[in-house]
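The chain contents come next:
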Amino acid sequence: MQQLAGELEIDFKSEKYKDAYSRINAIVIEGEQEAHENYIKLAELLPAHQDALIRLSKMESRHKKGFEACGRNLQVEPDLQFAQKFFAGLHSNFQKAAAEGKVVTCLLIQSLIIECFAIAAYNIYIPVADDFARKITEGVVKDEYSHLNFGEVWLKENFAESKVELEEANRQNLPIVWKMLNEVADDAQTLAMEKDALVEDFMIQYGEALSNIGFTTRDIMRLSAYGLTA
Ligand code: Y39
Ligand code: FE
Ligand code: FE
Ligand code: FE
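This is a predicted model, so every value here is computed, not measured. (Residues numbered from 1 in each chain as written. Chains lettered and ligands numbered in written order. Predicted model: local features only at pLDDT ≥ 70, side-chain atom pairs only at ≥ 80, totals over all residues. Heavy atoms only, no water.)

Topic: the coordination of the iron ion (ligand 2)
(1) Moving on: Here the iron ion (ligand 2) is held by the protein donor atoms Glu 32 (OE), Glu 32 (OE), Glu 60 (OE), His 63 (ND1) and Glu 144 (OE), which lie 2.0 to 2.8 Å from it.
(2) Moving on: Classification of the site at the iron ion (ligand 2) rests on its 6 donor atoms, whose angles at the metal span 51 to 175°, yielding the label irregular.
(3) Moving on: Read from N- to C-terminus, the donor residues coordinating the iron ion (ligand 2) fall into the pattern E-x27-E-x2-H-x80-E.
(4) Moving on: Distance-wise, the iron ion (ligand 3) is placed 3.4 Å from the iron ion (ligand 2), both being coordinated by Glu 60. Of this pair, Glu 32 sits in helix H2 (residues 15–45) while Glu 144 is found in helix H6 (residues 131–157), placing the two residues 112 residues apart along the sequence.
(5) Moving on: Accessibility expressed as a relative area gives 1% for Glu 144, which makes it buried. (Donors = N, O, S within 2.8 Å, 3.2 Å for Na, K, Ca; no water. Tetrahedral: all angles 85-135°; square planar, octahedral: opposite > 155°, others 65-115°. Helix = DSSP H or I, 4+ residues; strand = E, 2+ residues; numbered from the N terminus. Buried < 20%, exposed > 50% of the residue type's maximum accessible area, 1.4 Å probe, protein only.)

A short note on the site of ligand 1
(1) Moving on: Inspection of the region around ligand 1 gives 16 residues, with Gly 31, Glu 32, Glu 60, Glu 115 and Glu 144 positioned closest.
(2) Moving on: In the environment of ligand 1, an oxygen atom lies 2.6 Å from a nitrogen or oxygen atom belonging to the side chain of Glu 32.
(3) Moving on: Measuring from an oxygen atom of ligand 1, one finds a side-chain N or O atom of Gln 110 at 3.3 Å.
(4) Moving on: Protein contact buries 99% of the 450 Å² of open area that ligand 1 shows by itself.
(5) Moving on: If one sorts the elements of the shell around ligand 1 by residue count, helix H5 (residues 103–125) sits on top with 7 residues. (Near = heavy atom within 4 Å. Polar contact = N/O pair within 3.5 Å; in protein donor to acceptor, adjacent residues only side chain to side chain. Areas by Shrake-Rupley, 256 points an atom, 1.4 Å probe, with all protein chains shown as cover.)

Dropping the structure here:
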């Protein structure tokens, strides 16, 4: 169980905290920027849902601005080069799928995997954030649930035709998420975010999403832990 920021007496001004924040803040800024672009691409791939998807893309650029303000508030310069490398695997898989018109894969990467990763990270961050960042993040995480919901609803409605592609996309992309979590674990710990809590929250969100789409409990066990030990 995580303690609150006040009880832990986190020193948001220490060099150690700011150094870790320069990478985590950059990851979030870069993630929000890529999510913005991904929803614009999804709007092209799903013209029937263009207006809804453009709305989601605009929310993502607002999130980016909010997190940029969080970095400025702590006088931290985000390490965006690090963040681009951090996202490179999922980013190139999304772009490749989009170029091939594989909308199911694009939805799995952005609206399920990345949104669940964001929800887990923001939920775990909120209790240990500084007051400024906590207020921003509380607003953002509400939006992320609505992004996850868009993917769940579309994939549920198209479940039968999407199932095989979802399984393959999960196999290719979930191991990348576990690798990303390992890469960020030490910096997250410096921000008082426990890796075990991040993994647990991600598994809960992702498992719930797969269940809402129509997968059986047996499928969910297999899919959600894929690559966890790799
Ligand atoms: O849909 C979204 O807004 C997601 C792009 C944003 C990315 C969030 C990435 C969070 C990972 C942070 C890891 C910190 C431990
Ligand atoms: Fe977002
Ligand atoms: Fe989002
Ligand atoms: Fe939930």
